[in-house]
Amino acid sequence: MAITAVALATTAAACGGGDSGGVSNGDASSESGGSASNASAGDLLIWTGTGPQGEAIQQIAEGFGEENGVNVEVELIPGTDLQANFITASQGNNAPDVVFGAHDWIGNLVQNGSIDPIQLPATVKDDLQPKAVEAMTYNGQVYGMPFTFNNLVLYRNTALAPDAPATVEDMVAAGKALQADGKVAEVVAWPVGQTGNPYFIQPLYTAGGGYLFGTGTDGGLDKADVGVAKPEAVASYQKIGALGEKGENVLKRSISTDNHTALFTEGKSAYMVSGPWDLPTVDKAGIEYQISAIPGFAGGAPATPFITVDGTYVASKGKNKTLAQEFVTNYWSRSDIQTSYQEKAQVVPASQGVLEAIRGSQPRVAQSVDIGAANGQIMPSFPFMAGVFDSLGKAEAAVVSGADPAATIAGAATAIQDVAGG
């Protein structure tokens, strides 16, 4: 029951497109899909990303092979675009049997006929965070077994800021006071970057009264109801602009996901907006800290972060679909497997049972889930979301740099309506 890891080389011919930063991150050329021809060496071929999470998947998948008397081959694919590589392989009939990836890939994968729906056992579904199952549901069908649950929270250096801020205004005031005293360099480590970051700005955007897509009669998101085209979006971005470089100078393009964690762990900011994936890094830094919900503006709406979920999927064009269904629905969903994965990869589990088991020993992990379950919104998984986030990111960066919010957001709304077909 051998397991091998194959690093698929990236080339200039790599397929374009983005991914959500989930566990299954990879990038490979259109030629790399041909490596799936190695499937003849094993009964089950799995694709996942590199790094600690991919390595944990590789180790745990070995148990499936041993239990079922089959060979399992796990390919760890480096880079940033496993999603496009998987679609290319599927179109060329060189797909793996199972692929791990973020939930917001689903719309694109379904549109391209790359994954099959699954039937989660009732006991499994009852154990999962309801919003995690919602994230894996598209057009009324469940397409993946969810196993992580992530959302943004506010990190706070308690030696510098003992109390959690009740509002954005409270946080800015406290951060500016620390800055004036020379204790910190930045008011808050909130990633923007040169091209904006819609994922990270979402809590502030919703706190200002904006929304991305409305809710349809079926309870799902309505792509025809583009919130960015509404007056509330302009009002929200006026608040964001006021915190930008020509205003309070709190939100800055110079702060990005490349440096925001270091700003916090090095004590250069008392506050940081990030996800639970940064918990191990902050723990290692040895600073005193707590996490809490991201605050909203005084008298305004709650801050609503996106929820992102990682899942494992059955490939439509895989050669061993029965075995793949068994792995996804009956093996990867087991509580002992999810417990093992959580321990090895240090992730936030989608399983409520696993979460309760670690609540006492990993209270911040549990707190992060509690915040997301109460305040979070599933990130949309429409196939056209790459275009939406491209427009939103550029608009955010422009407003933060001092551009007029009304004109900027109107342009973004038009672009989003075009790609959404609304």
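Residues numbered from 1 in each chain as written. Predicted model: local features only at pLDDT ≥ 70, side-chain atom pairs only at ≥ 80, totals over all residues. Heavy atoms only, no water.

What to know about the packing of helix H8 (residues 231–242) against helix H16 (residues 405–420)
Under the convention used in this document: Between N-to-C directions, angles span 0 to 180 degrees; the directions come from axes that are lines fitted to C-alpha atoms, helices contributing only their stretch in contact. For helices the rule is a DSSP run of H or I covering at least 4 residues; for strands it is a run of E covering at least 2, with both sets numbered from the N terminus onward. Roughly parallel refers to an angle under 35 degrees, roughly antiparallel to one over 145, roughly perpendicular to one between 65 and 115, and oblique to any angle outside these ranges. For any pair of crossing helices, the crossing counts as left-handed if the nearer helix is rotated counterclockwise from the farther one by less than a right angle, and right-handed if it is rotated clockwise. In this description, contact between two residues means that some pair of their heavy atoms is separated by no more than 4.5 Å. All residues other than Ala, Val, Leu, Ile, Met, Phe, Trp, Tyr, Cys, Pro, Asp, Glu, Lys and Arg, Gly among them, are scored as polar; the first ten of these are nonpolar and the last four charged.
Axis separation between H8 and H16 bottoms out at 9 Å; the angle between their running directions is 130 degrees. With respect to H16, the element H8 is oriented oblique. In the packing of H8 onto H16, the handedness of the crossing is right-handed. Contacts between H8 and H16 involve Ala 233, Val 234, Tyr 237 and Gln 238 on the former and, on the latter, Pro 405, Ala 406 and Ile 409. Residues belonging to the contact of H8 with H16 are distributed by class as follows: six nonpolar, one polar and no charged.

Some thoughts on the sheet that holds strand E9 (residues 153–157)
Put simply, the rule is: Pairing between strands requires that DSSP locate at least two bridges from one strand to the other.
Taking strand neighbours across the sheet as the criterion, the three strands line up as E12-E9-E13 in an open arrangement whose pairing is antiparallel. Taken across any chain shown, the strands that pair with only one partner, and hence form the sheet edges, are strand E12 (271–274) and strand E13 (289–292). For this sheet, the mean inter-axis angle between neighbouring strands, taken without regard to orientation, is 25 degrees. As paired elements, E9 and E12 share four bridges and run antiparallel to each other. Looking across to E12, one finds that Leu 154 is bridged to Val 273. Where helix H14 (residues 363–375) meets the sheet, it contacts E9 and E13, and its direction lies at approximately 20 degrees from that of E13.

With respect to the pattern of salt bridges
The following threshold applies: Any carboxyl oxygen of Asp or Glu within 4 Å of a side-chain nitrogen of Lys or Arg constitutes a salt bridge here. Each residue gets one of three labels from its accessible area relative to the maximum for its type: buried under 20%, exposed over 50%, partly exposed in between, using a 1.4 Å probe on protein chains only.
If you walk through the whole model with that rule in mind, you get 12 salt bridges. Asp 116 is paired through a salt bridge with Lys 321; the nearest N and O atoms lie 2.9 Å apart. Pair noted here: Asp 116 is in strand E4 (residues 115–116) and Lys 321 is in helix H11 (residues 321–331), with a separation of 205 residues, a long-range link. On the basis of relative accessible area, Lys 321 is assigned to the partly exposed category, the value being 34%. We note a salt bridge from Arg 359 to Asp 370, for which the minimum N-O separation is 2.9 Å. Of this pair, Arg 359 sits in the loop between helix H13 (352–358) and H14 while Asp 370 sits in helix H14; the two residues are 11 residues apart in sequence, bridging distant segments of the chain.

A few points about H16
One full turn of an α-helix is made of 3.6 residues, so residues set three or four places apart face in the same direction. Applicable threshold: To estimate the expected span of a helix, subtract one from its residue number and multiply by 1.5 Å. The directions from the helix axis to the C-beta atoms are what the arc is built from.
The terminal C-alpha atoms of H16 lie 22 Å apart, and with 16 residues this matches the ideal 22 Å at 1.5 Å per residue to within 8%. Within the sequence span of H16, burial applies to Pro 405, Thr 408, Ile 409, Ala 412, Ala 413, Ile 416 and Ala 420. One face of H16 carries all of its buried residues, which in axial projection span an arc of 135 degrees. Residues of H16 that are exposed and angled more than 90 degrees away from the buried face: Ala 407 and Asp 418. Of the surrounding secondary structure, the elements contacted by the buried residues of H16 are strand E10 (213–215), strand E11 (221–226), H8 and helix H15 (385–401).

Some words on the sheet that holds strand E8 (residues 150–151)
The sheet built from three strands is open, its strands ordered E8-E14-E16 with mixed pairing. A strand with exactly one partner marks an edge of an open sheet, and here the two such strands are E8 and strand E16 (377–378). As defined by bridge partners, E8 adjoins strand E14 (residues 306–308) across two bridges and the pair is classed as antiparallel. Residue Asn 150 lies in a different strand from E14, and its bridge partner there is Thr 308.

Comments concerning H8
Taking 1.5 Å as the rise per residue, H8 with 12 residues should run 16 Å; its terminal C-alpha atoms sit 17 Å apart, in good agreement. Taken residue by residue, H8 has Ala 233, Ser 236, Tyr 237, Ile 240 and Gly 241 as its buried positions. End-on, the buried residues of H8 take up no more than an arc of 140 degrees, which puts them together on one face. Looking at the packing, one finds that the buried side of H8 touches helix H7 (198–207), H15 and H16.

A closer look at the layout of surface pockets
For clarity, the cut-off: In the cavity and pocket records, a cavity denotes points on a 1 Å grid over the protein atoms alone where a 1.4 Å probe fits but cannot get out, a pocket denotes an open set with protein on both sides within 12 Å along at least 5 of 7 lines, and lining residues are residues with an atom within 4 Å of a point. Grid points are joined across faces, edges and corners, and a volume is the space filled by probe spheres set on the points.
Here the second largest pocket defines a volume of roughly 520 Å³. The wall of the second largest pocket is formed by 20 residues, among which Glu 134, Thr 137, Gly 219, Gly 220 and Leu 221 lie closest to the centre. Of all elements in the fold, only helix H5 (130–135), strand E5 (137–138) and E16 reach the threshold of two or more residues within the lining of the second largest pocket. Here the residues of the lining of the second largest pocket sort into seven nonpolar, 10 polar and three charged.

Bear in mind that shape data such as this cannot, by itself, settle questions of function.
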